[in-house]
Amino acid sequence: GNSVTQMEGPVTLSEEAFLTINCTYTATGYPSLFWYVQYPGEGLQLLLKATKADDKGSNKGFEATYRKETTSFHLEKGSVQVSDSAVYFCALKPGSARQLTFGSGTQLTVLP
Amino acid sequence: GAVVSQHPSWVICKSGTSVKIECRSLDFQATTMFWYRQFPKQSLMLMATSNEGSKATYEQGVEKDKFLINHASLTLSTLTVTSAHPEDSSFYICSANSGVLGDTQYFGPGTRLTVL
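What counts, and where the lines are drawn
Residues numbered from 1 in each chain as written. Chains lettered and ligands numbered in written order. Predicted model: local features only at pLDDT ≥ 70, side-chain atom pairs only at ≥ 80, totals over all residues. Heavy atoms only, no water. Phe/Tyr/Trp six-rings, centres within 6.5 Å; stacked < 30°, edge-to-face > 60°. Helix = DSSP H or I, 4+ residues; strand = E, 2+ residues; numbered from the N terminus. Core = buried A, V, L, I, M, F, W, Y, C linked by side-chain atoms within 4.5 Å. Buried < 20%, exposed > 50% of the residue type's maximum accessible area, 1.4 Å probe, protein only. Contact = heavy atoms within 4.5 Å. Salt bridge = Lys/Arg side-chain N within 4 Å of Asp/Glu carboxyl O. Pairing = 2+ DSSP bridges. Axes fitted to C-alpha atoms, helices over the stretch in contact; angles between N-to-C directions.

Peer 1: Hey, could you go over the packing of aromatic side chains for me, with residue numbers and the actual values?
Peer 2: Under the definition given, this model contains eleven aromatic pairs over all chains. With centroids separated by 5.0 Å and ring planes inclined at 75°, the aromatic side chains of Tyr36(A) and Phe107(B) adopt a geometry described as edge-to-face. Note that Tyr36(A) is positioned in strand β5 (residues 32-38) and Phe107(B) in strand β10 (residues 106-107), a pairing that runs across two chains. Each member of the aromatic cluster is reached from another via a ring pair, and the members are Phe34(A), Tyr36(A), Phe89(A), Phe102(A), Tyr36(B) and Phe107(B).

Peer 1: Break down the environment of Asn97(B) for me, with residues and values.
Peer 2: Note on placement: Asn97(B) falls in strand β9 (residues 90-97). Measuring from C-alpha to C-alpha, the distance between Asn97(B) and Gln29(B) comes to 8.2 Å, with 68 residues separating the pair along the chain.

Peer 1: Got a sec to walk through the nonpolar core? Specific residues and values, please.
Peer 2: Grouped together as the largest cluster of nonpolar side chains are 27 residues, with contacts concentrated most on Trp35(A), Leu47(A), Leu48(A), Phe73(A), Leu75(A) and Tyr88(A). Elements with a minimum of two residues in this core: β2 (11-14), β3 (19-21), β4 (23-26), β5, β6 (44-50), β8 (62-65), β10 (86-93) and β12 (106-111) of chain A. For this core, the element with the highest residue contribution is β10(A), accounting for four residues. Not counting chain neighbours up to four residues away, the residues in contact with Phe73(A) comprise Cys23(A), Leu33(A), Phe34(A), Trp35(A), Leu48(A), Lys49(A), Ala50(A), Ala64(A), Thr65(A), Tyr66(A) and Cys90(A). Formed by 26 residues, the second largest nonpolar core is a distinct cluster that contains Val11(B), Ile21(B), Tyr58(B) and Val115(B).

Peer 1: Pulling in residues and values, what's your account of the pattern of salt bridges?
Peer 2: Throughout the structure, instances matching the rule amount to five salt bridges over all chains. Across the salt bridge formed by Asp84(A) and Lys77(A), the nearest N and O atoms sit 2.8 Å from each other. You can call Asp84(A) buried: its relative accessible area is 6%. The salt bridge partner of Asp88(B) is Lys66(B), with a shortest N-O separation of 2.7 Å. Of this pair, Asp88(B) sits in the loop between β8 (76-81) and β9 while Lys66(B) sits in the loop between β6 (57-58) and β7 (67-73); the two residues are 22 residues apart in sequence, bridging distant segments of the chain.

Peer 1: Please set out the sheet that holds β3(A) residue by residue, giving values where relevant.
Peer 2: Residue and element names in this part refer to chain A. Read from one edge of the open sheet, four strands run β3-β9-β8-β7, paired in antiparallel fashion. Strand pairing shows two members of the sheet lacking a second neighbour, β3 and β7 (56-59), which therefore form its edges. On average, each strand axis in the sheet is inclined to that of its neighbour by 15°, with strand direction left out of account.

As structure tokens, then:
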């Protein structure tokens, strides 16, 4: 079956620190991969996505590269801000399906 | 673009009553809508998938008669929690997808349901 394994949180960083949130997946075929962000009290927002191997998704300084050989889609940001504090979800969508499978989410807190 | 709204944003009800939650795509036609449930500090669990004009497809373990889903138009889906009980208290989130917009799902802001 399809599954997403995310780095357990919570993660606490100081402002301007480097961020990595690990995400690995198991899926049949060639899924699309996503990172969603959920700010406190809000719904999920699409942060970035990649649809095929070696694609790099990027948005708001965040990046993630679709690595087929390691079945990974790690999220990175070079310098986090307090406003990046949120819960981050890794997700996949198998090529033929419409449903998303989510990881467990990682709470990020950035301290000033 | 691609905005999804939910109403209400929060609701408190007494045990035994029914609650209806609306999910609307504001600026696109949603051929498919999804309903998720999120427990505190946990991930989203897909409850059901609905296509406009047809019956919803429920995930294993989700009671169809408990969680009634209607997708009557290309911009509106509703979730009715019937005879709600305290264990139904949760954060309910919908998302919508349009074939025109590709495979991205656009999420609503969620509805916090508290059953007393």
